Amino acid sequence: MTLYEGDLRAHADTRFAILAGRWHPHVVDALVEGARAALQAHGVTEAAVDVVRVPGVWELPLVARDLARAGLHTAIIALGCVVRGDTRHYEEVADGAAQGLMQVALETGVPVLNGVLAVERMEDALARAGGVHGNKGEEAVLAAIEIVDLQRKLAAGLR
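Residues numbered from 1 in each chain as written. Predicted model: local features only at pLDDT ≥ 70, side-chain atom pairs only at ≥ 80, totals over all residues. Heavy atoms only, no water.

A. Summary view of the packing of helix H1 (residues 25-41) against helix H5 (residues 136-157). At a minimum axis distance of 6 Å, the contact between H1 and H5 shows a crossing angle of 40 degrees. Taken as axis vectors, H1 and H5 run oblique relative to one another. Viewed along their axes, H1 and H5 form a crossing whose handedness is right-handed. Between H1 and H5, the residues in contact are Leu31, Gly34, Ala35, Ala38 and Leu39 and Lys136, Gly137, Glu138, Val141 and Ile145, respectively. Per-class residue counts for the contact of H1 with H5 are six nonpolar, two polar and two charged. (Axes fitted to C-alpha atoms, helices over the stretch in contact; angles between N-to-C directions. Helix = DSSP H or I, 4+ residues; strand = E, 2+ residues; numbered from the N terminus. Parallel < 35°, antiparallel > 145°, perpendicular 65-115°, else oblique. Left-handed = near helix turned anticlockwise from the far one by under 90°. Contact = heavy atoms within 4.5 Å. Nonpolar A, V, L, I, M, F, W, Y, C, P; charged D, E, K, R; others polar.)

B. Fine view of the environment of Gly6. Secondary-structure assignment places Gly6 in the segment before strand E1 (16-21). Residue Gly6 is classed as buried on the basis of its relative accessible area of 12%. Sequence separation between Gly6 and Ile77 is 71 residues, and the spatial gap between their C-alpha atoms is 17 Å. Ignoring sequence-local partners within four residues, the contact set of Gly6 consists of Glu146, Asp149, Leu150 and Lys153. (Buried < 20%, exposed > 50% of the residue type's maximum accessible area, 1.4 Å probe, protein only.)

C. Inspection of the pairing of strand E4 (residues 112-119) at higher detail. Taking burial as the measure, the eight residues of E4 include six buried ones, the bulk of the element. As for the winding sense of the linkage, the β-α-β connection from strand E3 (residues 75-83) through helix H3 (residues 89-108) to E4 is right-handed. (Right-handed = clockwise from strand over helix to strand, strands pointing away.)

D. Structural view of the packing of helix H2 (residues 60-70) against H3. Where H2 contacts H3, the axes come no closer than 8 Å and their chain directions differ by 15 degrees. Classified by the interaxial angle, the pair formed by H2 and H3 is roughly parallel. The hand of the H2/H3 crossing is right-handed. For the pair H2 and H3, contact is made by Leu60, Pro61, Ala64, Arg65 and Ala68 and by Ala97, Gly100, Leu101, Val104 and Thr108, respectively. Its residues assigned to classes, the contact of H2 with H3 comprises seven nonpolar, two polar and one charged.

E. The arrangement of the side chain of His73 in detail. Among the secondary structure elements, His73 is positioned in the loop between H2 and E3. Here His73 falls in the buried class, since its relative accessible area comes to 11%. There is a polar contact of 2.7 Å between the side chain of His73 and the side chain of Asp50. In contact with His73, not counting residues within four places along its chain, are Arg15, Phe16, Ala17, Asp50, Leu67 and Val110. (Polar contact = N/O pair within 3.5 Å; in protein donor to acceptor, adjacent residues only side chain to side chain.)

Geometry only, nothing functional implied.
What follows is the structure, encoded as structure tokens:
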């Protein structure tokens, strides 16, 4: 039996895009900083990271697709925050963005990590953007590093 799994090892030739919405900037900026710090902690230089800002969560899949098709990034980390309001709009935005990000990954083969917070209250977002529940931007980066390593191992081992 052969076991394949990714390691938390960033390859020297990797390039990452952090794609972030601008709604709820105090939350999303903390997610971006957590993502940048995690990349740096794993040996990814600032020169190998692009931060791309979009108006909101709804626009993430479109720009993720453009980035993936351009072929410059090994993985894309999508970050944003949607807080429930008085209407169904919250669900439509969060679900639509998640489905769109997955579609981009499946169609292009470029990992697109979903670090979008879809929360009931602002307190929940703050808890996940460096608060008591950690930083989901950092967690998305760790998943990105691992999946990129796994994809390389699979490509080499399944030939």
